[in-house]
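Residue strings, one per chain:
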Amino acid sequence: MIPAPFTYKRASSVDEALDLAAQAGEDGKFLAGGHSLMPLMKLRLAVPETLIDIGRLSELSYVREDDGHVVVGALTTHDELARSDLLGSELPLLAHAAGQVGDPQVRHCGTIGGSLAHADPAADLPAVALALRATFRTRGPSGSREIAAGDFFLGLFETALLPGELLTEIRIPRPPSAGWSFQKFTKRGIDWAIVGVAVQGANVALVNMGATPVRAAAVEGALSRPAWARAKRRPTQPTVQARPMISMARAPTASTWLVSLSGARSRSRRREPDRWAQFLTQRPVSGSCLARRSASVRWRGTKRPSNVTAWA
Ligand SMILES: Cc1cc2nc3c(=O)[nH]c(=O)nc-3n(C[C@H](O)[C@H](O)[C@H](O)COP(=O)(O)OP(=O)(O)OC[C@H]3O[C@@H](n4cnc5c(N)ncnc54)[C@H](O)[C@@H]3O)c2cc1C
């Protein structure tokens, strides 16, 4: 449980971090909150020769508005996201999901940039970023670039970031539809998700259902259809069916999970805000009893529907 020897360097600016990373080459790694990298190093699953500590770069810690987007600095901690008034009013999905990450210690140290760059399919924020159609701004040896969340996650713990490239900012367009939901199923309250669902309007992304966060395309397609068409199609509900990606340690009893659009009804066809969809996440336990929870998401409704806060 003792990491292999490494050289520690602390950066005091983004420019210095990039210089240090360039000097370290492929054997260097950025250290942000350390809550994913340090456990891997202790297990010797990661053996970087040089650690470039970016944890004190306050210039990368912010939540603000910019050109129709909400922008978040990569070094913003989960706790800061959860307590941000701007996120609470504009992107409650992100604030709420950040408040579900681990325990208070993890939330005070772990950063959104670290969570995204680490690309654990069981992490919460990568799926949230996908559901919010976020774009990631980076700086590296060959300059700056922007990568859409959908192009960022390439595989298990693998992203589009190049060696020495720093994730600096997460840019999130204001969602056209205000309804949202975040469901996370865990063995214990503070655990990673066995499986999870992030919903923003008709965008649906799944946690721990593949090597990367995945979009539930069939459910998204169904949500985009008009209410009367969805109601008609209820007998053939679109369903995403998958096994949790990381199940041995985190979900020994979990079998197949279903995430389905289980019902869509229109209280009044003329009143858009009254349309609902319901997602079910089901877990067969011991073959007979069914652990089941449900969540409703209201879309095209008011900004902060009263029914969405108590699901986690
Ligand atoms: C007990 C425990 C419980 C947890 N529970 C959950 C949970 O329920 N849900 C969840 O989603 N996560 C959970 N986590 C993970 C937690 O959210 C981590 O903090 C997060 O995944 C990594 O953020 P970090 O800032 O600690 O990154 P670090 O550990 O410092 O870095 C992680 C990786 O990202 C790279 N990196 C970091 N920042 C950047 C950057 N700006 N640009 C480029 N590369 C970068 C590093 O080089 C490293 O490879 C848990 C962790 C622990 C220890």
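As a reminder, the structure under discussion sits directly above these lines.
Residues numbered from 1 in each chain as written. Predicted model: local features only at pLDDT ≥ 70, side-chain atom pairs only at ≥ 80, totals over all residues.

**What about the overall build of the protein?**
Filter applied, for reference: By definition, any uninterrupted DSSP run of H or I lasting at least four residues is a helix, any uninterrupted run of E lasting at least two residues is a strand, and each is numbered from the N terminus. Exposure in this text rests on C-beta crowding, where 20 or more other C-beta atoms within 10 Å of a residue's own make it buried, 12 or fewer make it exposed, and counts in between make it partly exposed. The C-beta atoms are placed from the backbone.
Secondary structure summary: the protein contains 11 helices and 18 strands in total. Looking at the protein residue by residue over its 312 residues, the buried ones come to 44%.

**Remarks on the sheet that holds strand β11 (residues 180-185)**
Just so we agree on the cut-off: Between any two strands, at least two bridges found by DSSP are needed for them to pair. By the convention adopted here, residues make contact when the C-beta atoms placed from their backbones lie within 7 Å. Here an axis means a line fitted to C-alpha atoms, over the contact stretch when the element is a helix, while the angle between two N-to-C directions is reported on a 0 to 180 degree scale.
Judged by pairing direction, the sheet is antiparallel, and its four strands sit side by side in the order β11-β12-β13-β14 without closing on themselves. Only two strands of the sheet have a single neighbouring strand rather than two, namely β11 and β14 (214-215). Pairing between strand β12 (residues 195-200) and strand β13 (residues 203-207): five bridges, direction antiparallel. The partner of G196 across the bridge, within β13, is V207. Sheet contacts for helix α8 (residues 124-131): β11, β12, β13 and β14; angle to β13, the most-contacted strand, approximately 165°.

**Points about the sheet that holds strand β2 (residues 28-31)**
The three strands lie next to each other as β1-β3-β2, forming an open sheet whose pairing is parallel. Two strands in the sheet have a free side with no partner beyond their single neighbour: β1 (7-10) and β2. Across the sheet, the axes of successive neighbouring strands diverge by a mean angle of 25°, strand direction being ignored. Relative to strand β3 (residues 50-53), β1 runs parallel, the two being bridged by four bridges. When the bridges of β3 are listed, R10 appears paired with D53. Running at roughly 175° to β3, helix α1 (residues 14-24) makes contact with β1, β2 and β3 of the sheet.

**Brief notes about the pairing of β3**
Threshold: If the strands point away from the viewer and the path from the first strand over the helix to the second runs clockwise, then the crossover is right-handed.
In the sheet, β2 pairs with β3 via four bridges, with the strands oriented parallel. Looking across to β3, one finds that K29 is bridged to L51. In this fold, β2 hands off to helix α2 (residues 37-42), which returns the chain to β3; that crossover is right-handed.

**Quick word on the site of the ligand**
Our working rule: Nearness between a residue and a molecule or strand is assessed with a C-beta atom placed from the backbone; a distance within 6 Å qualifies. Three residue categories are used. Nonpolar comprises Ala, Val, Leu, Ile, Met, Phe, Trp, Tyr, Cys and Pro, charged comprises Asp, Glu, Lys and Arg, and polar comprises the others, including Gly.
Around the ligand sit 29 residues in total, of which G33, G102, G110, G114 and A123 are the nearest. Among the secondary structure elements, those contributing two or more residues to the shell around the ligand are β2, α2, α6 (104-109), α7 (112-118), α8 and β10 (166-173). Sorting elements by how many residues they give to the shell around the ligand places α7 first, with five residues. A class-by-class count of the residues in the shell around the ligand yields 16 nonpolar, 11 polar and two charged.

**Section: the nonpolar core**
The test is simple: Joining buried Ala, Val, Leu, Ile, Met, Phe, Trp, Tyr and Cys residues through C-beta atoms within 7 Å gives a set, and that set is a nonpolar core.
Grouped together as the largest cluster of nonpolar side chains are 73 residues, with contacts concentrated most on A17, I52, L93, L94, V128, A131 and A198. Sorting elements by how many residues they give to this core places α8 first, with six residues. Once residues within four sequence positions are removed from consideration, L94 is found in contact with L81, L87, V128 and L132.

**Some details on unusual backbone geometry**
For residues besides glycine, phi is generally negative; the peptide bonds are generally trans as well. Within the chain, F157 stands out as a residue other than glycine whose phi angle is a positive 55°. Assignment of secondary structure puts F157 in the loop between β8 (153-155) and β9 (158-159). Classification of F157 by C-beta neighbours within 10 Å gives partly exposed; the count is 17. The phi dihedral of N208 is positive, around 65°, even though this residue is not glycine. Along the polypeptide, N208 turns up in the loop between β13 and β14. The exposure class assigned to N208 is buried, which follows from the 29 C-beta atoms found within 10 Å.

**A closer look at the environment of H118**
Structurally, H118 can be placed in helix α7. Sequence separation between H118 and E158 is 40 residues; the distance between their C-alpha atoms is 7.5 Å. Not counting residues within four places of it along the chain, the set of residues in contact with H118 comprises S36, A123 and F157.

**Details of the environment of S142**
Mapping S142 onto the fold places it in the loop between β6 (135-140) and β7 (143-148). Distance from S142 to G164, taken between C-alpha atoms, is 9.9 Å for residues 22 residues apart in sequence.

**Remarks on α1**
Quick reminder of the rule: Picture the helix axis, draw a direction to every C-beta atom, and the arc is the one those directions span.
Turning to α1, its buried residues number three or more, namely A17, L18, L20, A21 and A24. Looking down the long axis of α1, one finds its buried residues gathered within 165° of arc, a one-sided arrangement. Away from its buried face by more than 90 degrees, α1 exposes D15 and Q23. On its buried face, α1 is in contact with β1, β2, β3, β6 and β10. Downstream of α1 by a residue or two, G25 has a phi angle that is positive, lying close to 65°.

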